[in-house]
Amino acid sequence: MNKVNVVLGSFYGDEGKGKIIDYLSQKADVSVRCTGGNNAGHSIEIDGKKFAFHLIPSGILNKGTIAVIGNGVVIDPKVLIEEIEALKSNRYSAKNLRISDKAHVIFPYHVEMDKLQEELRENKIGTTARGIGPVYCDKYERCGIRMGDLVNKKFEKQLRENIKTKNKVFEMYGHKTFDADEIIKEYNIYADKLKKYVVDTISLLHNALEENKKILCEGAQATLLDIDFGSYPYVTSSNPTIGGICTGTGIGAKYIGEVYGVLKAYSSRVGEGPYLTEQKNEIGDKIRELGHEYGTTTKRPRRCGWLDLVALKYAVMINGITGLAINHVDTIGKLDEIKLCVAYKKEGKISMQFTTDEDDLAKCEPVYETFEGNFGNISNIRKREELPDKAKKYLGRIEEIVGVPIKFIGTGAGRDAMIVC
Ligand code: IMO
Ligand code: MG
């Protein structure tokens, strides 16, 4: 078995990565978040209790697993502390949490800038307003403050310099400005609370590899939200695809084994941007209600539609996906009739060519195959062969077209409602 397995989102996020991660991390010694920040929302249901993680790898719920927040993640310390407290109040411990000293810190001016930019933008992105774009900008602009600087209280000088320049911009827009002393005071408290978790996670991960430990990389966001490969500009500000897993952890490509692409038996998107198989009608509304498609992070209703295999094939290609994890098969099975987009038709030609170009995509029309729904209650089924034929047919066709085997089938919300193929 390979030392490092990866779980990634195949579409626009919210594919139910948490469920697969939860299963795989029970066998992992180390579980790592690699990119993004608290724009992510990974929910897991254990014994009827729902846990929503935004920053902490959900592997933390397993007693023996070390949960690492990698260098590629951006951290809002206030949110992280709240998450640690929530764990403790549910009788879980955060003692296995490790945070990279290289992970960048989100400050209140990042969050305000995110909101302000979104407000001023004509073409809205629909960001989660968590300061993700602005903090990654500072990272690349090289004025960012990292967790190591924060907990060792070596951030004052940079912070004062940042506030000076950021305030000029806020003033220009007639927006309230920030007081450096106040932020320093607040963040010093966070620093004291988080210091014990901050380490050199690169050494930690490589020591684990040397000891033949199993590592699980927990992807956040998804392929079509990738800053390079997604539908730019309606994307997030990091690389949630396979490359980001390597740069967000310091794990070289040679260690990577299975790459699981997570998807739903239908599709959804939050925020703006093109979405060819979206159903802006009763079907979309029905899927939203049946699948409880409301944001874990922002509570926004998600846009819903049919599964798009042209987009899935693109995700398989970009990430080198070796196995599919398909969630909400129970949900789609509640419909009478299911449609599956198997190709695009553009100017009379049918192809599997995906495009993230908005104008190009506007010329495409989805080509659908229709499947019978009404799968019945499948939540207690644990073997693929025992699924009703109607469900088998739908899943089989996905594998056939995409050319990648399905390894996990989600059949319900509970932790155990899953078929491992
Ligand atoms: P998980 O890990 C769904 C979307 C936002 C917006 C765009 C940019 O739960 O799958 P950002 O705040 O990142 O600058 O917003 O990306 N987005 C997500 N959508 N799930 C996520 O994460 C997302 N993270 C960001 O809605 O359209
Ligand atoms: Mg989400």
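Within each chain, residues carry numbers counting from 1 in the order of the written sequence. Chains carry letters from A onward and ligands carry numbers from 1 onward, assigned in written order. In view of the model being predicted, local features appear only for residues whose pLDDT reaches at least 70, and side-chain atom pairs are presented and counted only at 80 or more, with totals across whole chains, interfaces and linings using the full set of residues. Each side-chain value is worked out from all heavy atoms of the structure, with water and hydrogens disregarded.

A.B. asks: Any chance you could explain the site of ligand 1 here in plain terms?
C.D. replies: The immediate surroundings of ligand 1 are formed by 20 residues, with Asp14, Lys17, His42, Thr128 and Thr236 found nearest. Distance and chemistry together define a polar contact, namely a pair of N or O atoms within 3.5 Å, with one atom able to donate a hydrogen and the other to accept it when in protein, and with adjacent residues in sequence counting only for side-chain atoms on both sides. In this structure, Gly41 approaches ligand 1 through a main-chain N or O atom, which is 2.9 Å from an oxygen atom. Between ligand 1 and the protein, one listed contact pairs an oxygen atom with a side-chain N or O atom of Arg300 at 3.0 Å. In these tables, accessible area is a Shrake-Rupley quantity obtained with a 1.4 Å probe, and a residue counts as shielded only by the protein chains included in the view. Relative to its unbound accessible surface of 550 Å², ligand 1 loses 98% to contact with the protein. Classification convention: Asp, Glu, Lys, Arg as charged; Ala, Val, Leu, Ile, Met, Phe, Trp, Tyr, Cys, Pro as nonpolar; all other residues, Gly among them, as polar. When grouped by side-chain class, the residues that make up the shell around ligand 1 number seven nonpolar, ten polar and three charged. Throughout this document, a residue counts as near a molecule or strand when at least one of its heavy atoms sits within 4 Å of that molecule or strand.

A.B. asks: Please clarify how the packing of helix H11 (residues 309-319) against helix H14 (residues 389-402) should be interpreted in this entry.
C.D. replies: In a pair of packed helices, the angle between the axes and the distance between the axes together describe the arrangement. With axes taken as lines fitted to C-alpha atoms, and helix axes fitted only over the stretch in contact, angles between N-to-C directions fall between 0 and 180 degrees. Helix and strand assignments follow DSSP, with helices taken as H or I runs no shorter than four residues and strands as E runs no shorter than two, numbered in order from the N terminus. One can describe the packing of H11 onto H14 by two numbers: an axis separation of 10 Å at closest approach and a directional angle of 55°. Overall, the two elements H11 and H14 adopt an arrangement that is oblique. Here H11 runs over H14; the crossing is right-handed. Residue-level inspection shows Leu309, Leu312, Lys313 and Val316 of H11 in contact with H14, the latter providing Ile398, Ile401 and Val402. Along the lines of polarity and charge, the residues of the contact of H11 with H14 split into six nonpolar, no polar and one charged. Comment on the angle field: the value is read as roughly parallel under 35 degrees, roughly antiparallel over 145, roughly perpendicular from 65 to 115, and oblique elsewhere. Rotating anticlockwise by less than a right angle from the far helix to the near helix defines a left-handed crossing, while the corresponding clockwise rotation defines a right-handed one. Note on contacts: a residue pair is in contact if any heavy atoms of the two residues lie within 4.5 Å.

A.B. asks: Can you walk me through the side chain of Thr355 in this structure?
C.D. replies: Counting through the fold element by element, Thr355 comes out in the loop between strand S17 (349-351) and helix H13 (358-362). There is a polar contact of 3.0 Å between the side chain of Thr355 and the backbone nitrogen of Asp357. Not counting chain neighbours up to four residues away, the residues in contact with Thr355 comprise Asp360 and Leu361.

The analysis is restricted to geometry; functional conclusions fall outside its scope.
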